[in-house]
Amino acid sequence: MANLNKVMLIGRLTRDPEVRTFSNGGKVAKFGFAVNNRTKKGGEWTDEPVYLDCQAFNRGDYGKLADRVEQSLSKGKQVYLEGHLVLEQWTSQSGEKKQALKIVVDALQLLDGRGEGGEGGREYRPSSRKSSAS
């Protein structure tokens, strides 16, 4: 049986990225992300936001994606991202089992030129070649 775990979203950051560096030189950038689901209530269309937690890494196949997120993204920026779902599970200090579905970002593209950088349309896709502008 075939499996596919791929997410493609367009939305906005809900908070600035938080970056953590590991002792082995790896890095992770975590950020909040929101997308809208359009639903019709009565005769009116409304947007219902869906809030997600995302992570971008500097390691292995992911290249320097966490660096790009740290340098280019901030709250309110609109981006297209591709990634995959990961279910994180842990036990709280009170002994309660918890879990959260997160998105690990594999590639992203800035969609608006908000702010001083004006980087609308720049794409970051890890590979052996350099990132290209779209």
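Rules used in this analysis
- Residues numbered from 1 in each chain as written.
- Predicted model: local features only at pLDDT ≥ 70, side-chain atom pairs only at ≥ 80, totals over all residues.
- Heavy atoms only, no water.
- Helix = DSSP H or I, 4+ residues; strand = E, 2+ residues; numbered from the N terminus.
- Buried < 20%, exposed > 50% of the residue type's maximum accessible area, 1.4 Å probe, protein only.
- Contact = heavy atoms within 4.5 Å.
- Areas by Shrake-Rupley, 256 points an atom, 1.4 Å probe, with all protein chains shown as cover.
- Pairing = 2+ DSSP bridges.
- Core = buried A, V, L, I, M, F, W, Y, C linked by side-chain atoms within 4.5 Å.
- Patch = residues over 30% accessible without salt bridge, like charges linked within 9 Å, V, L, I, M, F, W, Y side chains within 5 Å.
- Salt bridge = Lys/Arg side-chain N within 4 Å of Asp/Glu carboxyl O.
- Polar contact = N/O pair within 3.5 Å; in protein donor to acceptor, adjacent residues only side chain to side chain.

Some words on the overall build of the protein chain
Piece 1. Secondary structure summary: the protein chain contains one helix and seven strands in total.
Piece 2. Residue burial in the protein chain is summarised as follows: out of 134 residues, 37% are buried.
Piece 3. Considering only intrachain contacts with a sequence separation of at least 6, the fraction spanning at least 24 residues in the protein chain is 49%.
Piece 4. Taken as a whole, the protein chain presents about 8800 Å² of accessible surface, with 46% of it coming from carbon and sulfur.

Observations regarding the pairing of strand β6 (residues 97-110)
Piece 1. In terms of strand pairing, strand β4 (residues 44-58) meets β6 through two bridges, oriented parallel. Residue Gln-55 lies in a different strand from β6, and its bridge partner there is Val-104.
Piece 2. Counting the residues in the hairpin turn of strand β5 (residues 78-91) and β6 gives five residues, including Gly-95, whose phi is positive at 90°.

Notes on the nonpolar core
Piece 1. Core analysis: the largest hydrophobic core is formed by 19 residues, its most contacted members being Phe-31, Phe-33, Leu-81, Val-105 and Leu-108.
Piece 2. Every element with two or more residues in this core is listed here: β1 (7-13), β3 (27-41), β4, α1 (65-72), β5 and β6.
Piece 3. Leave out the neighbours within four places in its chain, and Phe-31 touches Leu-13, Arg-15, Pro-17, Leu-52, Asp-53, Cys-54, Val-69, Leu-81 and Val-105.

Considerations on a nonpolar patch on the surface
Piece 1. Together, Leu-85, Leu-87 and Leu-101 make up an exposed nonpolar region whose accessible area comes to about 270 Å².
Piece 2. With respect to the element layout, Leu-87 can be found in strand β5.

A closer look at the pattern of salt bridges
Piece 1. A complete count under the given rule lists seven salt bridges for this structure.
Piece 2. With a closest N to O distance of 2.9 Å, Arg-38 and Asp-47 form a salt bridge.
Piece 3. For Asp-47, a relative accessible area of 40% corresponds to the partly exposed category.
Piece 4. Each member of the salt-bridge network shares a partner with another, and the members are Lys-27, Asp-67 and Glu-70.

Remarks on the side chain of Gln-55
Piece 1. Inspection of the secondary structure puts Gln-55 in strand β4.
Piece 2. A distance of 3.0 Å separates the side chain of Gln-55 from the side chain of Glu-88, its partner in a polar contact.
Piece 3. Leave out the neighbours within four places in its chain, and Gln-55 touches Val-28, Ala-29, Lys-30, Glu-88, Lys-102, Ile-103, Val-104 and Val-105.

Looking at the environment of Trp-90
Piece 1. You can see Trp-90 is positioned in strand β5.
Piece 2. For Trp-90, a relative accessible area of 40% translates into the label partly exposed.
Piece 3. Considering only alpha carbons, one finds Trp-90 and Ala-100, 10 residues apart in sequence, at a separation of 9.0 Å.
Piece 4. With residues near it in sequence (within four places) discarded, Trp-90 still touches Glu-96, Lys-97, Lys-98, Gln-99 and Ala-100.

Side note on the environment of Gly-26
Piece 1. Structurally, Gly-26 can be placed in the loop between β2 (18-21) and β3.
Piece 2. With a relative accessible area of 11%, Gly-26 lands in the buried category.
Piece 3. Separated by 37 residues in the primary sequence, Gly-26 and Gly-63 have C-alpha atoms spaced 10.0 Å apart.
Piece 4. Setting aside chain neighbours within four positions, we find Gly-26 in contact with Arg-20, Thr-21 and Asn-58.

Just geometry here; none of it tells us what the structure is for.
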